[in-house]
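Structural description and commentary
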Amino acid sequence: MLLAEQRRLLCEYGRRVVGTGLVLGTSGNLSVRAGDLVAVTPAGGALDRLEPESCPVVDVEGHLVDGDLQPSSETPMHLAVYASADVRAVVHTHSTFGTVVATTMTELPPIHYNTLLLGGIVRVADYATYGTPELAANVRAALDGRRAALLANHGGVTVGDDLEAAFEAARLLEWLCEVYVRARSVGEPRVLTEEQLAEVVHRSRNPPRFPRREG
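To start, this report covers the structure provided alongside it. Only a predicted model underlies this, so the values are computations on that prediction, with no experimental measurement involved.

1. Re the sheet that holds strand S5 (residues 89–93)
If you trace the 9 strands from one edge of the open sheet to the other, you get S4-S3-S2-S1-S5-S9-S8-S7-S6, paired in mixed fashion. Looking at which strands have only one partner, the edges of the open sheet turn out to be strand S4 (64–66) and strand S6 (107–108). Here strand S1 (residues 29–34) runs beside strand S2 (residues 37–40); their pairing, made up of 4 bridges, is antiparallel. Within S2, the position partnered with Arg33 by the bridge is Val38. Packing of helix H2 (residues 75–84) onto the sheet brings it into contact with S1, S2, strand S3 (57–59), S5, strand S8 (148–151) and strand S9 (155–160), and relative to S1 it is tilted by some 40°. Sitting on the sheet, helix H4 (residues 133–142) touches strand S7 (122–125), S8 and S9, and the angle it makes with S7 is about 165°.

Take a look at the structure:
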């Protein structure tokens, strides 16, 4: 079976995105790239009930290479991301707070310094019908220089060097969106300035050193 390990990982992380509430029912999709091939979750499949052989494999041009089921309708978006960024995994979710922000905002402001782990302010890609070249192009533009983007009136997408990294980015994106939404229920959230974010970057590159106690 082609990309056996990658297909196994799709099943493992499919269960994890469902278990953490990032997707509901048959929504959402995941993929992993290996060379010029991409293993992707199938169309209409519940992500917590997948088997490796049910995950099709396509090439980077979108041709079905292996598997009996059709790939996710969002495969064009995944392939567009791989064509424009040096990443190896894509996770697309319909998480609650991410979708709330994607339905009401044009970007997720940097209300917490962990926004930097996603590359900075999270952009909201313009709305387009799912599975279309227009949506793929919009997402690709929103992801430029980022590890995450939101899709207007739709959900979110995250990328990484592997599925674990893309999954953790999806969890972080949802946490940041939840913090923002909950903060808005209390008052107007404070947004970190570019100077404050730059100081965080400097601190991460120059962590404090604690001398070992002698004796």
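2. Considering the pairing of S2
Following S1, the chain reverses through 2 residues before pairing antiparallel with S2; Gly35 in that reversal takes a positive phi of roughly 65°. Bridge analysis of S2 against S3 gives 3 bridges, and the strand direction is antiparallel. Residue pairing across strands places Leu37 opposite Asp59, the latter belonging to S3.

Cut-offs and rules
- Residues numbered from 1 in each chain as written.
- Predicted model: local features only at pLDDT ≥ 70, side-chain atom pairs only at ≥ 80, totals over all residues.
- Heavy atoms only, no water.
- Pairing = 2+ DSSP bridges.
- Helix = DSSP H or I, 4+ residues; strand = E, 2+ residues; numbered from the N terminus.
- Contact = heavy atoms within 4.5 Å.
- Axes fitted to C-alpha atoms, helices over the stretch in contact; angles between N-to-C directions.

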